[in-house]
Each structure stands twice: as structure tokens, then as C-alpha cells.
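Okay, here's what each chain looks like letter by letter:
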Amino acid sequence: MRKKFTPGKRYAILALSAVMLAGCANSSGTKTTQAETTVSETTESQTEASEVQADGVVKTTAGLIQGTKEDGIYCYLGVPYAEAKERFVPAEEVTPWEGVRVADTYGPMSPQAQISGVDGESSQNGTDNNSQNLNIWTPGVNDGKKRPVMVWLHGGGFSTGSANEEEYDGQALSSSGDVVIVSVNHRLNVFGYLDLSAYGDKYKYSANVGLMDIVDSLKWIQDNIEAFGGDPENVTLFGQSGGGAKVLAMMTSPYAKGLFQKGIVQSGATETMGVKFNTQESSTALAENILKNLNITPDNIEDIQYVSADDLEKAAAEGLTQTGEQLQIPTWTGDSYAMDWEPVVDGDFLPTDPVTDDSFAEAGKDIPLLIGSNLNEWTGYFESDPVEPTDELTAALKEAYPDKTDLTAEHVDTTLIRLPILKIMAHKADQNGAPVYGYVFTYGNSHHGAEIPYVFDHADENDEEKELASQISQAWINFAKTGVPGTDEMPEWEPYTRDGGATMILDAESKLVHNHDQNLLKILASDYVY
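Residues numbered from 1 in each chain as written. Predicted model: local features only at pLDDT ≥ 70, side-chain atom pairs only at ≥ 80, totals over all residues. Heavy atoms only, no water.

Here we take up the environment of Leu312. Examined against the element boundaries, Leu312 turns out to sit in helix 7 (residues 309–327). Among all residues touching Leu312, those that are not within four sequence positions of it are Arg87, Phe88, Val190, Phe191, Leu294, Ile304 and Val307. (Helix = DSSP H or I, 4+ residues; strand = E, 2+ residues; numbered from the N terminus. Contact = heavy atoms within 4.5 Å.)

Printed below as a string of C-alpha cells:
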């Protein structure tokens, strides 16, 4: 569920020596062959000496790794944090290696699948079930400093995407904020969320192993990030679209409690993905349909370990449609029936949905949350049916967005993302725990994903974009540092409450508003209750 980023500059692969680091090799694109170098003929004393001398060699719990360096930022790509030796079961600890592992190339990503209602084909090039690896950008290593750690969870629903996209390169953000940026690959779709728990204790956690991978990455960060100049006691999760929904899932799971301190959700919820997740009933039915499509029974369940990725994804795609029609589950677009891959509320790993009837998930009560959406979202991509203007509607549009003189009602996102986000904000505020801060990104064509280059401080088409990128990225950094977003140039960012409705409008001139679109939303979606 994200816009494909148009690749820009690509960094050259520079020579790597023991004592001088080169540029961050292959820091764009999605190349996935993991390079590994073993120093096999070095004596023990020589190895110890090189540990001291070599700039950028870091000791992890599994062994030594060598990064690269560009413009003062160290970069480590494809670092393994766990190891999935089989499908549909929790990953294990990484097998230790000898010598120095060179971390200059992105690692494998999860096998890919389509999201319902999104056209296209999924390639399995560079994919692997054993995709538990992460990327790190940091201003310093082995320096004793404890910088805030910002962990990026990529978009693409729970079906597609990877941490290896150029738009997620963390060098600029790490440099501008003196923070450690980590992006995480993890299992997706059928590989991450096929519920085989009815087919033996081995598969007890199969419905949520994709999320368990993320928990494993956070545990790895706890054990290792200090050597990369990070503070394991100040970790912020941030993600867009499906990545934002993953942040909400982590805030819901007791298994992740204590592994991070703050959450940022960018356009990360629809009514059926983020507010709620898949039920045990639908998850069980989906597994039955997929196994039937594969001619696999309880007696030969282990055969699923050997089905090709393409055949497994094909059977899964058919099963998602079959189960959605069978149980009358609407797609995220609301125009047909089909399931999508999501976590499963199993009463254990996920005790509840993120949003409960009268509150928010208990595990997330003490976690400050920065959350928002974009003005246009998917209306910025697709042609929308015109909304008949009325005097009341025209006045409500002007009240909500007075600076958007050309804005028409059909280009205002409502029930797809904005209102589900408001529901999360309101229920989180009702919980009377840690604060929640709200925003709406309105700059330009504020389509789904449009804020990403501003968050990562990449936007540089003109001075206005550069300044907005500086402001938004710094607001995110300050939230990671202190739990309060904003910058000196922005108005004071007040926490959201139902009565106050404080929301930051992020634009060329950002401003704090209160219940700014309340009347507009009542007109456009009068039946929605949050």
C-alpha cells in the first residue's frame, strides 16, 4: 500500500579497506545477494589488533561485521538478526560466523504477494523465507554515545514491500538528527501469516510469525545497538501504510512490551487493517482453503514446507478471495469481498485488536504515539466520482482547509484512512495513558506515501521542499528524542483529545488547528462513529 518511488541517485561501490571505510555501497535499489568475507588465515592476535584499528568494524552477538561510510555516516546492510530455518515457525538465533562479515549489500527480502484491489505482478527474485535482516545508518560506532534509535517498518500492507527501497535510505535522517536509523526485513503474506495452528504444536505461532520476526529484530537491537552508537532504552518504531499498521500491532502485543518506547504511524490504518486485524475464525477458514487448493491434508501437512513459493502464493491468492467471499469480508477499498494478509487476533500474541470497544490496546497504554494521514491519500492516485457541491459543503471545505482554494470534496480522504486514524487517536486519548499527537499532511498532491521523502529528509526539488523536509524530519527526530514532536519553527504541538481535537497541518506553513475538519467529515461520512 505505497507509491513506488522513482529511483534517483545511486551510490557507487567504493573500495573497502581495513582501516578506511568507503561509501555506503548499493544503498539504492533492491539487490539482494549478501556478501560475506571470512578472514581465515589471520592469527588470533592479528584479529584482535584489527578489531581495535579497523574503523567501522562492530562486534555483534553473532560475530564481527564491517560496514561502509559516506559523508560521515556508517552504513550496515543485510545484517542478520534471526534465522528462519523452516517455514511458518518462529525464527531462531543467528548462526555465529568466523572472521569479519562485510555488510555492504542488501539482504534477501520476504517472498512477495499482491494486495487485494492493487493491480500488478509479484516477482520472487531476491526473496527468501530466511529474510530476517536489517539495515543500519549511524553517525558513530564504538563511541560510547547513546543516540535515539528509529526503527522503520516498510509499507505494502502485510503482503509486499521490503526495507531495501531507495526511498527508505536512512543516511540523511541519521545525519541531520544524530540518530541511529534501522530498517527491518521480515516475513510477509502467506509466509508470515498462514495460520496452521490447528495442524500441530509445531505451528502454534504460524499465524503471526511475520510479527514475531519484528519482535526478534527489536530483541537484536536491545542486545547490539549500543555498539552502533544507539540507546537500547530509547527506541521509536515508525512506519507508513502497512508499516504503520505493524507499529500498531507491536503496540498491541505483550511480546513486544519493553522493546520500544514510542510509535509513529503514517497513514497506517484502514477500518479492516490497523483498527482491527483478522479474526481467528477467518484465519482458520483461510488456512483450510489454501491447503485444499494445494491438495494438502493434516496427514501430509509437512509437504507445505516444499511447495514452491510461486505455487504457494498462487494457492494463497485464490484462498484469500474464496475466504473473503465465503465470510463476506469487504476489501480495504470496500467494493468487493476478499481477505488480505494481516496479523491474527489469537488471544495470545495479539490479545485484542489495537482499537477496543471503549479504549486502546493495553500493551500500548504507556507508549506515546504520533499518528496522522494525508489529505488526498488514494484520491491522489485514482479518479474519484464527483461530490455534488452544496453551500454547506463548500463552507465546510473552506473551514477545514482555507488555504486549499481548489480543493473539491471528492479529493478529501475520509472513510478509507482519515476516519480510521481519528478512531485510533480518540481511543488512545480515551485510555488516559501516554499522549497521542495528530497530524494531516496537506502539501501539494498529498497522495498515499507523499510524506515519505519529507520524513527521510530526501525532498530537494526546490527550496520550499527542502525546508519542509527539514521541518518534518526534525519533528519526527524530536519525537524520537523526547516523546514530543515539533520544531522551534512550528507552533507548539499539543496532544490530541476528543474535545480539543489538536492536529498539526503539515504544509509549507505548518499550523496547529483544533477539530478543523469535524464539520466536513460529518457531511461526507455522517454514519461513521469514532
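A few words on the nonpolar core. Within the largest apolar cluster, 98 residues are counted, with the highest numbers of intra-cluster contacts made by Tyr76, Val151, Val182 and Met250. Beyond its immediate sequence surroundings of up to four residues, Tyr76 is in contact with Gly56, Val58, Ile65, Gln66, Gly67, Ala103, Leu134, Asn135, Ile136, Thr138, Val141 and Phe228. If you look at the next biggest cluster of nonpolar residues, it comprises 38 residues, including Ile181, Phe238, Val455 and Ala480. (Core = buried A, V, L, I, M, F, W, Y, C linked by side-chain atoms within 4.5 Å. Buried < 20%, exposed > 50% of the residue type's maximum accessible area, 1.4 Å probe, protein only.)

We now examine the packing of aromatic side chains. Per the counting criterion, the structure on display carries 17 aromatic pairs. Consider the rings of Trp152 and Tyr168, whose centres lie 5.2 Å apart with planes at 50°: the pair is tilted. Of this pair, Trp152 sits in strand 7 (residues 147–153) while Tyr168 sits in the loop between strand 7 and helix 2 (171–177), placing them 16 residues apart in sequence. Judged by its relative accessible area of 0%, Tyr168 is buried. Plain terms: the ring middles of Trp152 and Phe238 are 4.8 Å apart, the flat faces sit at 65° to each other, and that makes the pair edge-to-face. Placement of Trp152 in strand 7 and of Phe238 in strand 9 (residues 230–240) is noted, with a sequence separation of 86 residues between them. Of the residues examined, Trp152 reaches a relative accessible area of 1% and is grouped as buried. Sitting over the face of the ring of Trp97, Arg101 holds its NZ or CZ atom 5.0 Å from the ring centroid. The cationic tip of Lys246 hangs over the ring face of Phe158; the distance from NZ or CZ to the ring centre is 5.8 Å. (Phe/Tyr/Trp six-rings, centres within 6.5 Å; stacked < 30°, edge-to-face > 60°. Lys NZ or Arg CZ within 6 Å of the ring centre and 35° of its normal.)

Within strand 4 (residues 73–80), eight of the eight residues are buried, leaving the element largely enclosed by the surrounding structure. Direction of pairing for strand 3 (residues 68–70) relative to strand 4: antiparallel, over a ladder of three bridges. Bridge pairing in strand 4 places Thr68 opposite Cys75. In sequence, strand 3 turns back onto strand 4 through a hairpin of two residues, with Asp71 there showing a positive phi of about 50°. With five bridges joining them, strand 4 and strand 6 (residues 133–138) adopt antiparallel strand pairing. Of the residues in strand 6, the one forming a bridge with Val79 is Leu134. (Pairing = 2+ DSSP bridges.)

Glancing now at the packing of helix 6 (residues 280–293) against helix 7. Axis separation between helix 6 and helix 7 bottoms out at 8 Å; the angle between their running directions is 135°. Considering their axes alone, helix 6 and helix 7 lie oblique with respect to each other. The hand of the helix 6/helix 7 crossing is right-handed. Contacts between helix 6 and helix 7 pair Glu281, Ser282, Ala285, Leu286, Asn289, Ile290 and Asn293 from the former with Ala315, Ala316, Glu318, Gly319, Leu320, Gln322, Thr323, Gln326 and Leu327 from the latter. (Axes fitted to C-alpha atoms, helices over the stretch in contact; angles between N-to-C directions. Parallel < 35°, antiparallel > 145°, perpendicular 65-115°, else oblique. Left-handed = near helix turned anticlockwise from the far one by under 90°.)

Buried residues dominate helix 5 (residues 242–252), accounting for eleven of its eleven residues. For helix 5, the full list of buried residues reads Gly242, Gly243, Gly244, Ala245, Lys246, Val247, Leu248, Ala249, Met250, Met251 and Thr252. Close packing links the buried residues of helix 5 with strand 7, helix 4 (209–224), strand 9, strand 10 (262–266), strand 11 (369–374) and helix 9 (418–430).

The strand order across the open sheet formed by eleven strands is 3-4-6-8-7-9-10-11-12-13-14, and the pairing between neighbours is mixed. Each of the sheet's edge strands pairs with one partner strand only, and the pair in question is strand 3 and strand 14 (511–514). Across this sheet, the average inter-strand angle for adjacent strands is 25°, counted without regard to direction. Relative to strand 10, strand 9 is paired through five bridges, and the arrangement is parallel. Each bridged residue has a counterpart across the sheet, and for Phe238 the counterpart in strand 10 is Ile264.

A word on the sheet that holds strand 1 (residues 57–59). The sheet built from three strands is open, its strands ordered 1-2-5 with mixed pairing. The sheet is open, and its two edges are formed by strand 1 and strand 5 (100–102), each paired on a single side. Sheet twist, expressed as the mean angle between neighbouring strand axes with direction ignored, is 30°. Note: strand 1 against strand 2 (residues 64–66), three bridges, orientation antiparallel.

Walk down a regular strand and you will see the side chains alternate between the two sheet faces. With six of its six residues buried, strand 11 lies for the most part within the structure. The pairing of strand 11 with strand 12 (residues 436–441) spans six bridges and is classified as parallel. Paired with Asn374 across the bridge in strand 12 is Phe441.

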